[in-house]
There are 2 protein chains.
Amino acid sequence: MDVRRRVGLNLKRFRQEKGLSQEQLAFEAKLHRTYVSGVERGVRNPTVTVLEGIAVALGVPSSRLLDELEEPRTSA
Amino acid sequence: MDVRRRVGLNLKRFRQEKGLSQEQLAFEAKLHRTYVSGVERGVRNPTVTVLEGIAVALGVPSSRLLDELEEPRTSA
């Protein structure tokens, strides 16, 4: 799985677990909402400092945003 | 600790554990040696795709490059 997609899926999961909207997360991380949306969709390529800022806003270690994910199994 | 410094220290540790020179790692990760040196010194701000390329070359999950590190205790 492309790392940008992986980061996006992890980010969305943690954001929703925290009950934050993209807007709220963007505000906390001092980013634009459309940038957060782009990261979640896997179309942005954040640097480690941006990733750290997002992780701090989510209250998770930045390494968790790079966690491996199981490929969703396509139904037969 | 600044995330770039943390990435640099983790990278150097994994690279040395693998017995790779900066030159060899740069070749494997299709980067310039001076860029690898800059990441190790904490003066570069790699994107997640560059981090993934380095991690693949090292044979470690990219999340490990963002592992938390204990601040080195300054001797009294």
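See the structure shown above.
What this report covers is the structure whose coordinates are included nearby. What you see is a predicted model; the values in this text were computed from it and never measured. (Residues numbered from 1 in each chain as written. Chains lettered and ligands numbered in written order. Predicted model: local features only at pLDDT ≥ 70, side-chain atom pairs only at ≥ 80, totals over all residues. Heavy atoms only, no water.)

1. Brief notes about the overall build of chain A
(1) Moving on: Secondary structure summary: chain A contains four helices and zero strands in total.
(2) Moving on: Taking 76 residues into account, the globule formula puts the C-alpha radius of gyration at 11 Å, and chain A, at 12 Å, falls close to it.
(3) Moving on: In terms of overall dimensions, chain A has a C-alpha envelope of 40 × 25 × 20 Å along the principal axes.
(4) Moving on: Looking at the 76 residues of chain A, the share that counts as buried comes to 43%.
(5) Moving on: Charge separation in chain A, taken as the distance between the mean sites of 13 positive and 10 negative side-chain charges, equals 4 Å. (Helix = DSSP H or I, 4+ residues; strand = E, 2+ residues; numbered from the N terminus. Rg over C-alpha atoms; globule rule 2.2 N^0.38 Å. Buried < 20%, exposed > 50% of the residue type's maximum accessible area, 1.4 Å probe, protein only. Lys, Arg positive; Asp, Glu negative; His and termini not counted. Charge placed at Lys NZ, Arg CZ, Asp CG, Glu CD.)

2. Looking at unusual backbone geometry
Residues and elements named next belong to chain A.
(1) Moving on: Of note, K30 is a non-glycine position whose phi angle comes to about 55°, a positive value.
(2) Moving on: Relative to the helices and strands, K30 is located in the loop between α2 (22-28) and α3 (33-40).
(3) Moving on: K30 gets classed as exposed once you look at its relative accessible area, which sits at 75%.

3. Quick look at the packing of aromatic side chains
(1) Moving on: The final tally for this structure, using the stated rule, is zero aromatic pairs over all chains.
(2) Moving on: The side chain of R13(A) reaches across the aromatic face of F14(A), ending 4.8 Å from its centre. (Phe/Tyr/Trp six-rings, centres within 6.5 Å; stacked < 30°, edge-to-face > 60°. Lys NZ or Arg CZ within 6 Å of the ring centre and 35° of its normal.)

4. Some remarks on the interface of chain B and chain A
How big an interface is tends to be expressed through the accessible area that disappears when the partners come together.
(1) Moving on: Taken together, the contact between chain B and chain A spans 17 residues of the former and 16 residues of the latter.
(2) Moving on: Contact between chain B and chain A buries roughly 1,400 Å² in total, counting both sides, with carbon and sulfur atoms accounting for 64%.
(3) Moving on: Salt-bridge contacts for R6(B) lead to E52(A); the nearest nitrogen and oxygen are separated by 3.2 Å.
(4) Moving on: Our count for the contact surface shared by chain B and chain A stands at twelve residue pairs in polar contact (both at pLDDT 80 or more). (Contact = heavy atoms within 4.5 Å. Buried area = accessible area lost by both parts, 1.4 Å probe. Salt bridge = Lys/Arg side-chain N within 4 Å of Asp/Glu carboxyl O. Polar contact = N/O pair within 3.5 Å; in protein donor to acceptor, adjacent residues only side chain to side chain.)

5. Points about the relation of the copies chain B and chain A
Here two copies of a chain appear, and what relates them is a rotation about an axis with a shift along it.
(1) Moving on: Of the transformation placing chain B onto chain A, the axial shift is 0.0 Å and the rotation is 180°, giving an RMSD of 0.0 Å. The relationship between the two copies is best expressed as a two-fold rotation axis. No C-alpha of chain B approaches the rotation axis more nearly than that of T47(B), which lies at 1.9 Å.
(2) Moving on: A share of 94% of the interface residues of chain B reappears at the interface of chain A, consistent with the copies meeting face to face through the same patch. (Least-squares fit on C-alpha atoms with pLDDT ≥ 70 in both.)

6. Let's talk about the pattern of salt bridges
(1) Moving on: Counted under the stated rule, the structure contains ten salt bridges over all chains.
(2) Moving on: Residues D2(A) and R4(A) are paired through a salt bridge, measuring 3.0 Å at the closest nitrogen-oxygen approach.
(3) Moving on: We note a salt bridge from D67(B) to R64(B), for which the minimum N-O separation is 2.5 Å.
(4) Moving on: For R64(B), a relative accessible area of 34% translates into the label partly exposed.
(5) Moving on: The structure contains a network of salt bridges with shared partners spanning R6(A), E68(A) and E52(B).

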